[in-house]
Amino acid sequence: MRASDADREAVVEQLREAAAEGRIDLEELDSRLGLALAAKTRGELVPLTDDLGPAEPEPGEPLTVKGGVQGAERTGRWKVPPRIIAHGGLGGVRLDFSQAECRLSEIEVDVIAGVARVVLVVPVGWKADTDAVDLSFGRLKNKTSGTHLPGRPILRITGSCGMGRVQIRHPNLRERRRQRKELSR
């Protein structure tokens, strides 16, 4: 599969962080950056960061996003913690991981949909494990491709749909266009 500018930029950022942490030296950074920027396919990008491994989860409180009446969302660039709690409430919650900074191999997402929707937007290659979600009276819809690429995170989704819905999907056409526009600025 062809590599996008966002794919190359994610690898470049991971390489820069590895150099800042002292896991690779400057000479190796230069070499890998050249290969990353020249990569045509995703397969060419994987070996550049494969030996670096995911960052260890940081201890601390989980990120809690509460929809309340108005709804809440986490979009754009944000750092993904190892554990997220999403309370849909009445307004719903939307977590968009497509531009998020994530170096974890697994993320636990505890959903409580209530009567609203909890929408998780994930990049292609991420896996969503929904086996531990209690449907109750609600619905669960996983619209992802199901293909898990090496080095990409797995979302372990737990919790309850209540009377609402939990939806996992890839970015839609409008979201992809907006991301391309933001990257071109």
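Quantities reported herein were computed from a predicted structural model and do not represent experimental measurements.

What counts and what doesn't
Residues numbered from 1 in each chain as written. Predicted model: local features only at pLDDT ≥ 70, side-chain atom pairs only at ≥ 80, totals over all residues. Heavy atoms only, no water. Buried < 20%, exposed > 50% of the residue type's maximum accessible area, 1.4 Å probe, protein only. Pairing = 2+ DSSP bridges. Helix = DSSP H or I, 4+ residues; strand = E, 2+ residues; numbered from the N terminus. Axes fitted to C-alpha atoms, helices over the stretch in contact; angles between N-to-C directions. Patch = residues over 30% accessible without salt bridge, like charges linked within 9 Å, V, L, I, M, F, W, Y side chains within 5 Å. Areas by Shrake-Rupley, 256 points an atom, 1.4 Å probe, with all protein chains shown as cover. Salt bridge = Lys/Arg side-chain N within 4 Å of Asp/Glu carboxyl O. Lys, Arg positive; Asp, Glu negative; His and termini not counted. Charge placed at Lys NZ, Arg CZ, Asp CG, Glu CD. Phe/Tyr/Trp six-rings, centres within 6.5 Å; stacked < 30°, edge-to-face > 60°. Contact = heavy atoms within 4.5 Å. Arc of directions from axis to C-beta.

Engineer: Help me understand unusual backbone geometry, please; the structure alone is not making it clear to me.
Structural biologist: Most peptide bonds adopt trans geometry, and most residues besides glycine take a negative phi value. Positive phi outside glycine occurs at Ser 136, with the angle close to 50°. Classification of Ser 136 by relative accessible area gives partly exposed; the value is 41%.

Engineer: Sorry, what's going on with the sheet that holds strand β1 (residues 63–66) here?
Structural biologist: Strand pairing within a sheet occurs via backbone hydrogen bonds; the two strands may be parallel or antiparallel. In space, the five strands of this open sheet follow the order β1-β3-β5-β9-β7, with parallel pairing throughout. In this open sheet, the two edge strands, each paired with only one partner strand, are β1 and β7 (127–134). Strand-to-strand twist across the sheet, computed as the mean angle between neighbouring axes with direction ignored, equals 15°.

Engineer: How do you make sense of a nonpolar patch on the surface when you look at a structure like this?
Structural biologist: Residues Val 69, Leu 90, Val 115, Phe 137 and Met 163 make up a contiguous nonpolar surface patch of roughly 620 Å² in combined accessible area. Note that Val 115 resides in the loop between β5 (106–112) and β6 (117–121).

Engineer: Any chance you could explain a positive patch on the surface here in plain terms?
Structural biologist: On the surface, Arg 117, Arg 139, Lys 141 and Lys 143 cluster together into a positively charged patch. Inspection of the secondary structure puts Arg 139 in strand β8 (residues 139–142).

Engineer: Just checking my understanding: could you explain the packing of aromatic side chains for this structure?
Structural biologist: How two aromatic rings sit relative to each other is given by the distance of their centres and the angle of their planes. Applying the stated criterion across every chain yields a total of two aromatic pairs. Measuring from centroid to centroid gives 5.3 Å for Trp 78 and Phe 97, while their planes differ by 45°, and the two rings are tilted. Linking Trp 78 in the loop between β2 (72–74) and β3 (83–87) with Phe 97 in the loop between β4 (93–96) and β5, this pair joins segments that are 19 residues apart in sequence. Of the residues examined, Trp 78 reaches a relative accessible area of 6% and is grouped as buried. Ring centres 5.4 Å apart and planes at 50° place the aromatic pair Phe 97 and Trp 126 in the tilted group. With Phe 97 in the loop between β4 and β5 and Trp 126 in the loop between β6 and β7, this pair connects stretches of sequence that are 29 residues apart. In terms of burial, Phe 97 and Trp 126 fall into one category: buried. One aromatic cluster in this structure is built from Trp 78, Phe 97 and Trp 126.

Engineer: What is the right way to look at the environment of Arg 152 in this model?
Structural biologist: Note that Arg 152 resides in the loop between β8 and β9 (154–160). The contact partners of Arg 152, leaving out residues within four places of it in the chain, are Asp 7, Ser 105, Val 124, Gly 125 and Trp 126.

Engineer: Please explain helix α3 (residues 42–50) as it appears in this structure.
Structural biologist: The periodicity of an α-helix, 3.6 residues per turn, causes residues three or four positions apart to be oriented the same way. Buried residues of α3: Arg 42, Leu 45, Leu 48 and Thr 49, and no others. Along α3, the residues classed as buried sweep out an arc of 110° about the axis, all on the same side. The exposed set on the far side of α3, more than 90 degrees from its buried face, consists of Gly 43, Pro 47 and Asp 50. The secondary structure elements touched by the buried residues of α3 are α1 (5–20) and α2 (26–38).

Engineer: Honestly, the pattern of salt bridges in this entry has me stumped. Any pointers?
Structural biologist: If the charged atoms of two oppositely charged side chains come close together, the side chains can form a pair. Under the definition given, this model contains 14 salt bridges. The partner of Arg 83 in a salt bridge is Asp 110, with the nearest N and O atoms 3.9 Å apart. Of the two residues, Arg 83 sits in strand β3 while Asp 110 sits in strand β5, which places them 27 residues apart along the sequence. Of the residues examined, Asp 110 reaches a relative accessible area of 17% and is grouped as buried. Note that Glu 175 and Arg 94 form a salt bridge whose closest N and O atoms lie 2.7 Å from each other. Of this pair, Glu 175 sits in helix α4 (residues 173–184) while Arg 94 sits in strand β4, and the two are 81 residues apart along the sequence. An identical accessibility class is assigned to Glu 175 and Arg 94; each is buried. By sharing partners, the salt bridges in this structure join Glu 73, Arg 94, Asp 96, Arg 169 and Glu 175 into a single network.

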